[in-house]
Amino acid sequence: MPAASAPHCAALEQQAGPEAGRVWLIDREEVDIGRSMSNTIPLANPSVSGLHARVIRQANGACLLVDNQSTNGTKLNGHAVSGSAVLHDGDLIQIGGVVFIFHEAVPAPEPA
């Protein structure tokens, strides 16, 4: 079953900046985060690399945060991510100068 049709999906909620409060759904297997507009979550911030990080949903529903060898690094709860790290509800993720809070389960949008 595709993740988009699941009753719940994970999400990243932006904590600061011009898009503070915006919620980005993690509703697919891989979500790319970075400055490039081709990313699933494009961030117009000079401290963010073109393809900075990725969130990967595993088959069991757990999400991994992966740093893509970014210039300014990726932090999880204030600690640098080296390789990948498992995400838990309420985790703070820093992508360059942009901060998100990870939500493990949010209602999925209704199909259009």
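Before reading on, note that the structure itself is shown above.
The sections below set out a description of the structure shown in this document. A quick note: this is a predicted structure, and the numbers were derived from the prediction, not measured.

### Observations regarding the nonpolar core
Among soluble globular proteins, nonpolar side chains are generally buried collectively.
Now for step 1: Judged by nonpolar contacts, the single largest core of 22 residues is most densely connected at Leu12, Val55, Ile93 and Phe100.
Now for step 2: Contributions of two or more residues to this core are made by strand 1 (8-14), strand 2 (23-26), strand 3 (30-34), strand 5 (53-57), strand 6 (63-67), strand 10 (92-95) and strand 11 (98-107).
Now for step 3: Broken down by element, this core gets its largest block of residues, three residues, from strand 11.
Now for step 4: The residues contacting Val55, other than those within four sequence positions of it, are Leu12, Ile26, Glu29, Glu30, Val31, Ile33, Cys63, Leu64, Leu65 and Leu87.

### Quick look at the sheet that holds strand 4 (residues 41-42)
Now for step 1: The five strands are arranged 4-3-5-6-9 in an open sheet whose pairing can be described as mixed. Across the chains shown, the open sheet's two edge strands, defined by having one partner strand only, are strand 4 and strand 9 (84-86).
Now for step 2: Bridge count for strand 6 against strand 9 is three bridges, and the pairing is antiparallel. Its bridge partner lying in strand 9, Val66 is registered against Ser84.

### Some remarks on the pattern of salt bridges
Opposite charge on two side chains lets them pair, provided their charged atoms get close.
Now for step 1: Inspection of every chain in the model, using the stated rule, returns four salt bridges.
Now for step 2: Between Arg22 and Glu19 there is a salt bridge, with the nearest N and O atoms lying 2.7 Å from each other.
Now for step 3: The partly exposed category is assigned to Arg22, whose relative accessible area is 38%.
Now for step 4: For Glu19, a relative accessible area of 32% corresponds to the partly exposed category.
Now for step 5: Salt-bridge contacts for Arg28 lead to Asp27; the nearest nitrogen and oxygen are separated by 3.4 Å.

### As for the side chain of Thr74
Now for step 1: As for its placement among the helices and strands, Thr74 is situated in strand 7 (residues 74-76).
Now for step 2: A relative accessible area of 1% means that Thr74 is categorised as buried.
Now for step 3: For Thr74, the side chain forms a polar contact with the side chain of His52, separated by 3.4 Å.
Now for step 4: Those residues in contact with Thr74 that sit more than four places away from it in its chain are His52, Ala53, Leu65, Asp67, His79, Ala80, Val81, Gln94 and Ile95.

Rules behind the numbers
- Residues numbered from 1 in each chain as written.
- Predicted model: local features only at pLDDT ≥ 70, side-chain atom pairs only at ≥ 80, totals over all residues.
- Heavy atoms only, no water.
- Core = buried A, V, L, I, M, F, W, Y, C linked by side-chain atoms within 4.5 Å.
- Buried < 20%, exposed > 50% of the residue type's maximum accessible area, 1.4 Å probe, protein only.
- Helix = DSSP H or I, 4+ residues; strand = E, 2+ residues; numbered from the N terminus.
- Contact = heavy atoms within 4.5 Å.
- Pairing = 2+ DSSP bridges.
- Salt bridge = Lys/Arg side-chain N within 4 Å of Asp/Glu carboxyl O.
- Polar contact = N/O pair within 3.5 Å; in protein donor to acceptor, adjacent residues only side chain to side chain.

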